[in-house]
Amino acid sequence: MRSVSIYCILAYLLVAVSALTPEKVWENVRYDRTLDLQKSYAKERHVITAKNIAAVPISEYYFSIPAQSLKDISLFIAFSGSSKDDSSLLQADEIVVPQGESDSDLTYYKLQLPYPIAPKSQITLTASYITTKQLSPLPKKADMGAEQTLIVQTHKLPLSCYDTSSYVLRVAGADSAQELPLEVPQGFTSQDLKPTVKDSTLLYGPYSSVIESYTKLPMALLYSKQLPLPVVHSLKRDFWVSHWSSALQLEEYYELTNAAVALNKGFSRVDWMSGRYHMRQNPVLTNIPIRLPEVETSEIYFTDKVGNVSTSLILDKELILKPRYPIFGDWNYNFTIGWTNKLADFVKSSDDVHILKVPLLDGLTDATYENVSLSIRLPEGSKIIDVQVPFDHNGMTIEQDFSYLDLTTGHTKVTLEFNNLVDEMKGLEVLVKYEYGTFDMLKKPLSTAGYVFVALIALYALRKVDIAIQPPKAVESNVLSNKK
Amino acid sequence: MSIVNVDSEGYLRVDSTLLRLIKLLLITSIFISISFAAISSRLFSVIRFESIIHEFDPWFNFRATKYLVNNSFYEFLNWFDDKTWYPLGRVTGGTLYPGLMVTSSIIFRIFEFIGMPIDIRNICVLLAPAFSSLTSLAMYLLTLEITSSSKNLKNKKTAALLSAIFMGITPGYISRSVAGSYDNEAIAITLLMVTFYLWVKSIHLGSIFYACLTSIFYFYMVSAWGGYVFITNIIPLHVFILLLMGRFDYKIYTSYTTWYSLGTLMSMQIPFVGFLPIRSNDHMASFGVFGLLQLVLFANYLKDTLNPLKFKKIMLAFSLLITIIGLSSLILATKFGLIAPWTGRFYSLWDTNYAKIHIPIIASVSEHQPTPWSSFFFDLNFMIWLFPVGVYFCFQDLTNESVFIIVYSVLGSYFAGVMVRLMLTLAPVVCVCASISLGRLFDIYLDFKDTLKIWYESESETATKETKEVDDDDEDVKDSIFTLLSKLTVVLTFIYYLYFYVQHCTWVTSNAYSSPSVVLASKNPDGSQLLIDDYREAYYWLRMNTKEDAKIMAWWDYGYQIGGMADRTTFVDNNTWNNTHIATVGKAMSVNENKSEIIMRQLGVDYVLVIFGGLIGYSGDDINKFLWMVRISEGIWPEDVNERSYFTDKGEYRIDDMATSTMKESLMYKMSYYKFADAYGTSDPIDRVRQQRMSSKYAHSITLDTLEEAFTSENWIVRIYKLKDLDNFGRDLISIGENERKNLSKRNKRMISRKKPNLDLRV
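Every value quoted in this text rests on a predicted model; they were computed, and no experiment measured them. (Residues numbered from 1 in each chain as written. Chains lettered and ligands numbered in written order. Predicted model: local features only at pLDDT ≥ 70, side-chain atom pairs only at ≥ 80, totals over all residues. Heavy atoms only, no water.)

### Examining the overall build of chain B
Regarding its fold elements, chain B presents 33 helices and eleven strands. The principal-axis extents of the C-alpha atoms in chain B amount to approximately 130 × 75 × 60 Å. Put simply, chain B has 763 residues, and 50% of those count as buried. Relative to all contacts within chain B whose residues are 6 or more apart in sequence, the contacts with residues 24 or more apart total 71%. (Helix = DSSP H or I, 4+ residues; strand = E, 2+ residues; numbered from the N terminus. Buried < 20%, exposed > 50% of the residue type's maximum accessible area, 1.4 Å probe, protein only. Contact = heavy atoms within 4.5 Å.)

### Observations concerning the confidence of the model for chain B
Keep in mind that low pLDDT regions are not for reading the predicted coordinates in detail. Residue and element names in this part refer to chain B. Averaged over all residues, the pLDDT of chain B equals 87, while 93% of them reach at least 70. Averaged pLDDT values for the elements of chain B fall to 65 in helix 33 (residues 733-762) and rise to 95 in helix 10 (residues 208-224). Segment residues 753-763: pLDDT under 50, and zero contacts once partners within four positions in sequence are set aside and those in other chains are kept. Confidence metrics for the complex model read pTM 0.89 and ipTM 0.88. (pLDDT = per-residue confidence, 0-100.)

### A word on helix 26 (residues 559-566) of chain B
Residues and elements named next belong to chain B. In terms of residue burial, helix 26 counts as a mostly covered element, since eight of its eight residues are buried. Within helix 26 the residues assigned to the buried category are Gly-559, Tyr-560, Gln-561, Ile-562, Gly-563, Gly-564, Met-565 and Ala-566. Lining the buried residues of helix 26 we find helix 3 (57-70), helix 25 (534-545), strand 5 (551-553), strand 6 (569-570) and strand 7 (607-611).

### Examining the domain arrangement of chain A
All names here are of chain A. Here chain A is described as being made up of domain 1 (26-224) and domain 2 (230-436). Averaged C-alpha coordinates put domain 1 and domain 2 at centres separated by 33 Å. The interface is formed by 21 residues belonging to domain 1 together with 27 residues belonging to domain 2. Between domain 1 and domain 2 lies a buried interface of about 1,900 Å² when both sides are counted; carbon and sulfur atoms form 55% of it. Among the residues domain 1 hides against domain 2, the three largest losses belong to Tyr-41, Met-144 and Gln-148. Together they make up 31% of the total. At the junction of domain 1 with domain 2, the criterion picks out two salt bridges. Across the pair Lys-43 and Glu-424 runs a salt bridge, and its minimum N-O distance is 2.7 Å. Summed over the shared surface of domain 1 and domain 2, the number is 14 residue pairs in polar contact (both at pLDDT 80 or more). Where the side of domain 1 that touches domain 2 is concerned, the elements lending two or more residues are strand 4 (73-80) and strand 9 (141-142). In terms of residue count, the dominant contributor to the side of domain 1 that touches domain 2 is strand 4 (three residues). (Domains from an automatic or database assignment. Buried area = accessible area lost by both parts, 1.4 Å probe. Salt bridge = Lys/Arg side-chain N within 4 Å of Asp/Glu carboxyl O. Polar contact = N/O pair within 3.5 Å; in protein donor to acceptor, adjacent residues only side chain to side chain.)

Listed below in structure tokens is the structure:
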């Protein structure tokens with residue numbers, strides 16, 4: 001922990017020393033931006049065709065985002081090209097601009113281009129990222145059954161540090177959106193830049209007039225969305241690996257909140273019953289579908305802190321949880337689910353070395369995860385060789401932990417901490433390579449048996465001890481009478 | 001030498017070691033099956049529902065156990081719980097019997113130590129079944145000890161084993177020890193039986209060792225259950241009766257004095273008991289007998305040394321003096337408050353109407369009601385008529401040990417008749433007596449030796465000499481056939497009874513005693529099981545969606561559950577130590593909104609929780625308990641609350657349009673039926689518990705102004721209301737509500753009147 005923070009400070013210092021306002025060496029010839037609001041978080045995708053207007057070849061492109069949303073960025077991916085197929089991932093380094101700099105409300109990702117771009121040549125880049133906590137209901141409280149409107153705040157024009165000559169903004173998932181009148185900076189009128197609706201997306205532009213660098217035109221979109229906004233404050237995912245029963249058990253503990261519109265009065269059951277709200281979409285979480293692994297899954301359970309919840313349903317490969325009460329906006333629900341899989345479906349072994357591949361997330365279909373702690377409990381005596389995570393984690397600890405019949409050294413537990421995840425990372429996998437041999441496997445039953453044996457022998461020995469105060473005469477006479 | 005031989009007379013001779021082995025094996029397997037039966041019949045609730053803590057008190061015990069597991073023992077003893085009895089709090093560590101919690105936390109630690117970290121909840125749930133198997137073992141030992149010097153009973157082990165199985169599955173005991181009923185009785189009955197066994201054993205042997213063990217288990221019992229007073233009185237009574245019978249000997253003296261001095265000293269270590277053993281009247285009997293024994297010893301000494309005439313005189317003078325001194329000191333000590341006065345619970349043991357008149361809070365608990373006759377058969381089945389027979393056999397023996405059983409059975413039957421829940425203390429002695437009588441019966445009727453002998457002889461005779469005295473032998477054989485038939489009839493009848501007993505016990509356990517009462521079972525129209533989980537739904541809602549320091553007002557029945565499941569602060573709970581506080585809550589529920597608001601604001605109430613069964617017909621709801629709230633608060637504030645005013649002029653308890661105005665205005669009534677009419681639309685709402693129909697118009701007029709509905713569970717069983725914040729402009733919440741309604745009705749009228757011209761225009 002300490003070393004991590006020291007590294008952080010070092011990195012910060014390094015960055016602070018090299019802090020810079022990027023030079024205007026590029027011009028965004030084409031800037032296509034898509035803001036996707038279909039899920040409970042905001043996804044953005046920027047396709048930029050940039051032209052080198054400097055005199056020398058350049059191999060870096062600075063991509064800017066508002067500084068305050070940096071901490072909410074869940075996943076930032078940049079690649080060259082406009083689609084994933086014909087592209088290569090770019091290295092994106094976060095650059096923190098220190099306070100007090102001129103443009104301190106911007107922060108940059110330095111994208112390392114695959115090759116230096118010659119002057120006057122162009123390159124197409126794609127940056128896509130997910131920002132959580134951007135959507136919030138407005139008004140915050142409403143009657144039961146009232147339509148929910150969400151507000152999202154963003155910038156209407158590119159926040160680039162380069163001039164942009166052609167620009168399009170598409171907003172998906174909010175075709176009935178309404179722009180809130182905001183105070184606009186000088187040089188713009190609120191009548192500027194009206195959108196059109198096309199194929200259920202909101203289209204701004206295309207604008208072909210040159211947009212200068214660092215142009216900020218804030219915008220607030222108000223749109224109607226009748227779905228809950230599930231936020232998992234904390235998720236504890238425990239995988240228990242057992243080679244003896246060849247099973248992989250998963251237990252997940254969720255602390256869930258619905259960030260959607262809250263009730264402005266108390267919850268009235270009669271209104272809920274008569275409103276038939278389960279028949280239509282509404283921002284209340286009444287059931288939580290959980291995708292089960294594609295392989296055979298058994299022993300599925302759903303409990304919370306007061307015991308078993310009997311109202312869950314298993315449909316094919318989907319577990320549908322019905323919480324004890326409908327989860328309205330601002331309501332919380334903590335629960336635990338778990339299931340068992342066959343180990344062979346998740347582990348590949350060669351001799352004593354095994355590779356375990358587990359998904360980073362199962363669970364909700366549309367949700368934001370603030371803190372995820374994923375731990376994998378390997379059997380007692382196993383040694384970890386390598387842990388592979390698809391992207392940066394916030395800390396990994398390997399420790400010995402004592403649990404069922406861990407009588408010697410305790411089992412090995414790997415814990416990975418993540419921040420700010422979304423359900424779209426479900427496909428990502430964590431790989432753990434570890435060594436666990438036949439000898440280690442036999443050690444546990446043998447040691448357990450040994451303890452039982454020692455206990456029995458001790459009992460036997462104790463029974464042999466004579467604690468009687470009387471002289472052992474009586475026993476002899478007994479024996480005699482038996483012989484008769 | 002082979003194991004089985006045929007000796008010269010043609011008898012089969014089996015090696016004694018083999019026989020002993022077979023016997024050991026048999027007894028072990030019988031014990032294993034008894035344990036299995038005892039445990040498995042208690043698991044109905046876990047299988048039907050889940051591993052969950054039942055009812056009310058167990059939730060407190062469970063919460064306290066969790067506290068003990070998470071904190072040290074000394075922290076537990078010093079535990080001041082500020083989450084109950086708000087704003088008073090409760091010195092929990094000093095007002096509970098820690099035996100149960102300590103037992104389960106030790107088991108928890110042992111399992112943790114041997115590498116089995118079992119959830120503490122599962123340990124708590126399964127504690128009672130586990131201890132019930134120990135109880136049957138203790139029963140076996142007790143019965144064996146009691147019959148040990150009996151001359152009439154031959155097969156003592158049969159009787160003892162019978163008593164073990166009887167105890168293992170008798171509903172009278174199961175009712176308090178199913179899996180999940182994590183209550184003091186769960187371990188107390190085991191301890192009671194062990195203590196009695198050790199006591200009988202120590203009096204039998206006159207052994208200090210066993211007397212010490214008795215006092216150790218007595219101490220354990222004191223730490224576990226308030227019912228230890230039963231032991232504190234039954235042992236002195238036993239000794240006293242033995243003294244009256246002229247059975248005084250040094251065995252009794254040794255056992256009693258050892259037990260009394262050690263046991264009393266040890267029991268005083270429990271913080272909740274403290275100095276009670278020397279101050280409370282409940283303990284005076286044991287002290288008196290202790291003194292009496294010394295006097296008897298002294299008198300015995302005098303008897304040996306003095307001549308009879310002198311001795312007689314001295315005895316007379318002494319006994320007079322001591323009686324006078326003893327009585328007057330008792331009266332004086334009581335008067336000056338040195339001795340605590342008799343408790344209300346004690347009085348209600350002698351006068352069943354006492355509680356009803358003087359302490360409604362005790363009478364309001366259903367388990368404190370007098371026992372109906374039917375429940376004796378329900379809980380004890382055929383043992384109830386074998387019981388007096390067994391007592392009769394004890395009278396026949398009249399050994400010191402059987403006198404104990406006689407004393408126990410007399411006391412036990414009396415107490416079981418007074419309070420339903422004391423059936424629990426009667427059950428063991430009934431099992432002992434029933435097993436003694438069955439043992440005697442089987443001694444005689446399962447003995448086919450004579451018949452076999454006659455048959456064998458007649459066969460061999462007919463085989464050898466066919467000529468002589470055939471008629472006489474025929475008579476013998478005929479007789480023996482009749483004997484056999486009658487024996488078989490009796491035996492078969494009793495085997496049927498035994499079979500019926502097992503069936504009855506299983507049926508009763510599965511149907512009557514295996515409901516957690518937190519989760520209710522119901523049937524879907526298609527016959528499948530439907531769980532009604534409203535309690536947990538609402539408690540969990542409270543836990544998740546209210547502030548952590550929210551104070552929840554509910555009737556005291558739900559205090560422990562709210563503490564255990566919702567983890568929120570309560571005002572009153574099932575530890576009914578402060579009657580006034582309970583009456584305050586009762587008053588807040590029974591008076592009108594105006595007065596109630598004042599009480600609730602003074603108490604600092606955030607939420608109010610009521611149980612309402614009217615929608616689905618759940619009869620254990622608050623409207624049915626309402627009269628107790630009224631009665632208890634009337635006891636403190638007779639000028640504000642009057643029970644009569646909740647009944648109609650005809651003396652009916654009504655909740656419909658005919659209800660009295662006091663009833664209609666009371667907060668409890670309003671909270672229960674608020675928006676009840678809306679669930680029925682325009683038709684008349686029917687209360688399914690009380691089977692009363694309200695008119696729709698009236699039901700729609702039930703309003704609440706000071707409270708706001710915060711949550712209602714799926715089947716409306718639990719309704720939670722939030723006390724509204726004070727108005728910003730300092731207006732009265734009730735008048736605001738009234739104004740709003742007036743405006744609303746005006747607007748409604750306007751809307752109606754506006755509608756008409758619209759229609760006209762269209763035409």
